[in-house]
Amino acid sequence: MEQLVEFATNHVGLVAVFFALLAGLAWHVVADPGGKDAVDPVQATDLINHQNAVVVDVRSMAEFNGGHIINAVNIPLNGFKNQLGQLEKYKDRPIVDCCRSGSRSGMAVRTLRKAGFEKAHNLRGGMLAWESANLPVKRRK
C-alpha cells in the first residue's frame, strides 16, 4: 500500500489521467449504453415486422455479403453522407442502422438525425447481437 501511495505522489499527472479516463468510461457505460436511440434485436424485429422499418447496414460490402439482416440496404459508412438521397423515400418510416457491433451504426444514426430522419435507431450490439439472438441472417454466395 505504501508503494501505491508513493507512486501516486510521484506521478500525479498519470494518476489524474487514469481517473479521468475511468470516469469517462463509467459515464459512457451508464449514461449512453448504445445511444438513446438504440434498440435491441427484439425491438428491431418488432419495428421491422410491425412498423415496416428499413434496415440500413453500414458495413463494407464484403462484410455485408458475409451475412446481413434479410432485406437490409447496404450503404457503407465511408460514403454514408453522400448516399442520404437513397434513404429520402424512407424518411417517414423507422430506420434501423446496423454494423458489426453498433459503433459505426451509431455514427450513421447521428448523421440521419441531423438530416431530419426522426425515426432512426441504432441496433444495439449490431450483427453480433442479432446473430446471438438466433435471428435470421442472409448470406451471399
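Below is a short write-up of the structure.

So, how was this worked out
- Residues numbered from 1 in each chain as written.
- Predicted model: local features only at pLDDT ≥ 70, side-chain atom pairs only at ≥ 80, totals over all residues.
- Heavy atoms only, no water.
- Patch = residues over 30% accessible without salt bridge, like charges linked within 9 Å, V, L, I, M, F, W, Y side chains within 5 Å.
- Areas by Shrake-Rupley, 256 points an atom, 1.4 Å probe, with all protein chains shown as cover.
- Salt bridge = Lys/Arg side-chain N within 4 Å of Asp/Glu carboxyl O.
- Helix = DSSP H or I, 4+ residues; strand = E, 2+ residues; numbered from the N terminus.
- Buried < 20%, exposed > 50% of the residue type's maximum accessible area, 1.4 Å probe, protein only.
- Core = buried A, V, L, I, M, F, W, Y, C linked by side-chain atoms within 4.5 Å.
- Contact = heavy atoms within 4.5 Å.
- Pairing = 2+ DSSP bridges.
- Axes fitted to C-alpha atoms, helices over the stretch in contact; angles between N-to-C directions.

1. Regarding a nonpolar patch on the surface
Residues M1, L4 and V5 make up a contiguous nonpolar surface patch of about 370 Å² in total accessible area. Locating V5 in the fold gives a position in helix 1 (residues 2-10). Residue classification places V5 among the partly exposed residues on the basis of a relative accessible area of 47%.

2. Overview of the nonpolar core
Core analysis: the biggest nonpolar cluster contains 15 residues, and V56, V58, F80, L87, I95 and L112 have the highest contact counts within it. For this core, the secondary structure elements donating two or more residues are strand 2 (54-57) and helix 5 (103-114). The biggest single contributor to this core is helix 5, with three residues. With sequence-adjacent residues up to four places away left out, V56 is seen in contact with V73, I75, F80, L87, I95, V96, D97 and C98. Membership of the second largest hydrophobic core comes to 13 residues, among which are V39, V55, L123 and W130.

3. Details of the sheet that holds strand 1 (residues 38-39)
Strand order in the open sheet formed by five strands is 1-5-4-2-3, with parallel pairing between adjacent strands. Single-partner strands in this sheet number two, and they are strand 1 and strand 3 (73-74). As defined by bridge partners, strand 2 adjoins strand 3 across two bridges and the pair is classed as parallel. Residue pairing in the sheet places D57 in a bridge with N74 of strand 3. Of the strands in this sheet, strand 4 (95-98) and strand 5 (120-123) touch helix 5, which is tilted by about 175 degrees from strand 5.

Nothing here speaks to function; it is geometry throughout.
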